[in-house]
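Report on the structure
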Amino acid sequence: MPSLNELVRRHTTLTGADVEWLHRLVSEWQLLSDLSFADLVLWIPTWDGIRYVSVAQMRPNTGPTSYQDDMVGHLVPRGRRPLLDAAFDEGRIVREGDPEWREEVPVRVESIPVRRDGRVLGVIARNTNLLTVRTPSRLELTYLQSASDLAQMIAAGTFPYPGEQVDMDAAPRVGDGLIRLDADGIVTYASPNALSAYHRLGLTTDLVGGHLGRTTAELVPPTRGAVHEALVKLASGWAPRQAEVEAQGGVVSLRAIPLKPKGTQTGSLVLCRDVTELRRRDRELMTKDATIREIHHRVKNNLQTVAALLRLQSRRLGDDSARGALDEAVRRVGSIAIVHETLSQTLDEQVAFDEIADRVLAMVMELSQDGQVTARRSGSFGILSAEVATPLAMVLTELLQNALEHAFGGRDGGTVEVSALRGRAPATGKGWSDSWNGGTKPEEYLLITVQDDGRGMPEGFDPQQAGNLGLQIVRTLATGELGGSFDMVAAPGGGTKVVLEIPVR
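For the structure given in this document, a descriptive report is provided here. Keep in mind that what you see is a predicted model, and the values were worked out from it rather than measured. (Residues numbered from 1 in each chain as written. Predicted model: local features only at pLDDT ≥ 70, side-chain atom pairs only at ≥ 80, totals over all residues. Heavy atoms only, no water.)

Let's shift gears to the overall build of the protein chain. For the protein chain, the count of helices and strands is 14 helices and 18 strands. Taken over the C-alpha trace, the protein chain has a radius of gyration of 34 Å; the compact-globule value for 505 residues is 23 Å, which it surpasses by more than 25%. Overall, the protein chain is about 95 × 60 × 40 Å in size when its C-alpha atoms are taken along their principal axes. Looking at the protein chain residue by residue over its 505 residues, the buried ones come to 49%. (Helix = DSSP H or I, 4+ residues; strand = E, 2+ residues; numbered from the N terminus. Rg over C-alpha atoms; globule rule 2.2 N^0.38 Å. Buried < 20%, exposed > 50% of the residue type's maximum accessible area, 1.4 Å probe, protein only.)

What follows concerns the packing of helix α1 (residues 4-11) against helix α2 (residues 16-28). Where α1 contacts α2, the axes come no closer than 11 Å and their chain directions differ by 145 degrees. Our pair here, α1 against α2, has a crossing hand that is right-handed. Side by side, α1 and α2 meet where Leu 4, Asn 5 and Val 8 of the first sit next to Val 19, His 23 and Val 26 of the second. Residue classes in the contact of α1 with α2 are distributed as 4 nonpolar, 2 polar and no charged. (Axes fitted to C-alpha atoms, helices over the stretch in contact; angles between N-to-C directions. Left-handed = near helix turned anticlockwise from the far one by under 90°. Contact = heavy atoms within 4.5 Å. Nonpolar A, V, L, I, M, F, W, Y, C, P; charged D, E, K, R; others polar.)

On to empty space enclosed by the protein, then. Under the defined criterion, the tally for this structure stands at 1 cavity of 30 Å³ or more. Taken as a whole, the largest cavity spans an internal volume of roughly 80 Å³. Taken together, Gln 30, Leu 31, Asp 34, Met 168, Ala 171, Pro 172, Arg 173, Val 174, Arg 255 and Leu 271 make up the full set of residues lining the largest cavity. Here the residues of the lining of the largest cavity sort into 6 nonpolar, 1 polar and 3 charged. (1 Å grid on protein atoms, 1.4 Å probe; cavity = no way out; pocket = protein on both sides within 12 Å on 5 of 7 lines; lining within 4 Å. Points joined across faces, edges and corners; volume = space filled by probe spheres on them.)

All right, on to the packing of aromatic side chains then. Aromatic rings considered in pairs are described by the distance between their centres and by the relative angle of their planes. In the structure shown here, the tally under the stated rule is 4 aromatic pairs. For the ring pair Tyr 52 and Phe 88, a centre distance of 6.4 Å and an interplane angle of 80 degrees mean the geometry is edge-to-face. You can see Tyr 52 sitting in strand β2 (residues 51-58) and its partner Phe 88 sitting in helix α4 (residues 82-90), a full 36 residues away along the chain. Owing to a relative accessible area of 22%, Phe 88 belongs among the partly exposed residues under this scheme. (Phe/Tyr/Trp six-rings, centres within 6.5 Å; stacked < 30°, edge-to-face > 60°.)

Glancing now at helix α5 (residues 138-156). For α5, built from 19 residues, the straight-helix expectation of 27 Å at 1.5 Å per residue is met to within 8% by its first-to-last C-alpha distance of 27 Å. Here α5 has its buried residues at Glu 140, Thr 142, Tyr 143, Ser 146, Ala 147, Ser 148, Asp 149, Leu 150, Ala 151, Met 153, Ile 154 and Ala 155. Taken from the residues just after α5, Gly 157 is the one with a positive phi, measuring 80 degrees. (Expected span 1.5 Å × (residues − 1).)

Strand order in the open sheet formed by 5 strands is β8-β7-β11-β10-β9, and the pairing between neighbours is antiparallel. Strands with a single pairing partner mark the edges of an open sheet, and in this sheet they are β8 (187-190) and β9 (241-247). Each strand of the sheet is rotated relative to its neighbour by a mean of 20 degrees, with strand direction disregarded. Pairing between strand β7 (residues 178-182) and strand β11 (residues 267-274): 5 bridges, direction antiparallel. (Pairing = 2+ DSSP bridges.)

By size, the foremost hydrophobic cluster in this structure holds 53 residues, and its most contacted members are Phe 353, Phe 381, Leu 392, Leu 396, Leu 400 and Phe 486. Among the elements that make up this core, the one with the highest residue count is helix α12 (residues 386-407) (12 residues). Leu 7, Leu 31, Met 58 and Ile 257 belong to the second-largest nonpolar core, a separate cluster that totals 41 residues. (Core = buried A, V, L, I, M, F, W, Y, C linked by side-chain atoms within 4.5 Å.)

Turning to the environment of Gly 324, a few remarks are in order. On the secondary structure map, Gly 324 appears in helix α10 (residues 320-343). Sequence separation of Gly 324 and Gly 157 is 167 residues, and the distance between their C-alpha atoms is 77 Å.

The next subject is the pairing of β2. Here β2 lies mainly inside the structure; 7 of its 8 residues are buried. As paired strands, strand β1 (residues 39-45) and β2 are joined by 6 bridges and run antiparallel to one another. The residue bridging Trp 43 from the neighbouring strand is Ser 54, located in β2. Between β1 and β2, which follow one another and run antiparallel, lie 5 residues, and Gly 49 among them has a positive phi close to 75 degrees. Examined bridge by bridge, β2 and strand β3 (residues 75-77) share 3 bridges and lie antiparallel to one another. Across the sheet, residue Tyr 52 finds its bridge partner in β3, namely Val 76.

So, on to the pattern of salt bridges. For side chains bearing opposite charge, pairing can occur when the charged atoms are close. This model, assessed by the stated rule, comprises 25 salt bridges. The salt bridge partner of Arg 78 is Asp 85, with a shortest N-O separation of 3.9 Å. Judged by relative accessible area, Arg 78 falls into the partly exposed class, the value being 33%. Residues joined by salt bridges that share partners form a network here, namely Arg 200, Asp 274, Glu 277, Arg 280 and Glu 284. (Salt bridge = Lys/Arg side-chain N within 4 Å of Asp/Glu carboxyl O.)

Okay, the sheet that holds strand β4 (residues 100-102) next. One open sheet accounts for 6 strands, arranged β3-β2-β1-β6-β5-β4; its pairing is antiparallel. If you trace the sheet from one side to the other, it starts and ends with β3 and β4, each paired once. For this sheet the average axis-to-axis angle between neighbouring strands, irrespective of direction, equals 35 degrees. Taken strand by strand, α1 contacts β1, β2 and β3, and its axis lies near 175 degrees from that of β2. Packing of α5 onto the sheet brings it into contact with β5 (105-116) and β6 (119-129), and relative to β5 it is tilted by some 40 degrees.

In this fold, Pro 160 is placed in the loop between α5 and β7. You can call Pro 160 buried: its relative accessible area is 0%. Taking C-alpha positions, Pro 160 is 60 Å from Arg 475, a pair spaced 315 residues apart along the chain. Beyond its immediate stretch of four places on either side in the chain, Pro 160 contacts Trp 21, Arg 24, Leu 25 and Glu 28.

Further remarks concern the environment of Val 94. Along the polypeptide, Val 94 turns up in the loop between α4 and β4. For Val 94 and Ile 112, which are 18 residues apart along the polypeptide, the C-alpha to C-alpha distance reads 6.8 Å. Setting aside residues up to four positions removed in sequence, Val 94 forms contacts with Leu 83, Ala 86, Ala 87, Glu 110 and Ser 111.

Printed below as a string of structure tokens:
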């Protein structure tokens, strides 16, 4: 289905500011659809003025739909729908006409002009399924009156409110709870859900007849004057605002919508939603996140303590080989500690691995021969999960240490380069079909190369069978824990090139 932007760009001459206004309207019009118990379709005239194109559609949550099929992208010529023509040409809401029959369902059609800065940009067709029409209740009458006020504001170009920032995912909806206020902020109607939400805050009386701003302020614990006044203003519906109120262990989200159908405020809508359980779960998640970060911090501290003990033990040994083995253990423990330190500073189990790679390079290069070996990184590893980052940091440590010992041992120096490439398909194709479970390639992969300009591999060297501990660790982690492939080849122009291909799940 084409997007609103695509349809407007293809069929109309609307400006960027006009399109932004339409986006704001479409982000808000679920409210109008639910209050009207009606489907909404937004029609925009084409650039030649002889047709209309439907660029957006909304179905109600409060009633049956009038359209079984999607209307977005449909084109109709002028003259076929007289109500559209009248609303667009005259700039007024048009309700004349008999109901239409669609698949044996009577549908009442109304047209609402969409105005911005004095210009009519298009028309909203409001289609109400009349099959289930019955004597309306007080709630339904309140809904319909509020919908009529909003429609008049859209036709006048005063809704949606310019500059209002609304998180539509978190904002309360009509069915969550609705309160209708008069111009003085007095409650004239409160839906059962709205009343239940206020009972959650500790209200023991009815809302109707009371001043909602003062009632709300009296429910919450005493606060500073400015906060108290802001809460009264929000709950009184004097300005378009959204906030949360907490009292008696309950949390209610409020959204105020002033109603100005004829230019002056005649009342307001306050939508409310009981979000107590949502906020309780949020607090639990925050507590768990803080606990996990603290665990990573303590693991990092413990690993650094282990590394320090190993260094102390190394200094007491007289055997060079034993001292070297302990130094390698210190580096391995250090690479894991770096990952846990990074995880202790994040809100989830994801890390930006570039920083870890740079720190591993610096840690290993500290042991190079008088700083003669230089190391650099190119490309980006991107964001990796903790289950990938920890073994990958160890693999990188082993490969760099291997280059220092075997490529440059006894030489005056050289260069080691670590490169990373992240993409949607394997770059080399080597080893992929055999490495993944079921032979299925991952959606995203990470290609890592570690290349040096050292002495190169000895004749007959087989990296897949070599028995030194460092390469055994690399093979085990790369092909086992990371589920990827590992190879070591002669680099063009001399030296050695290690290639790792790792799926990023």
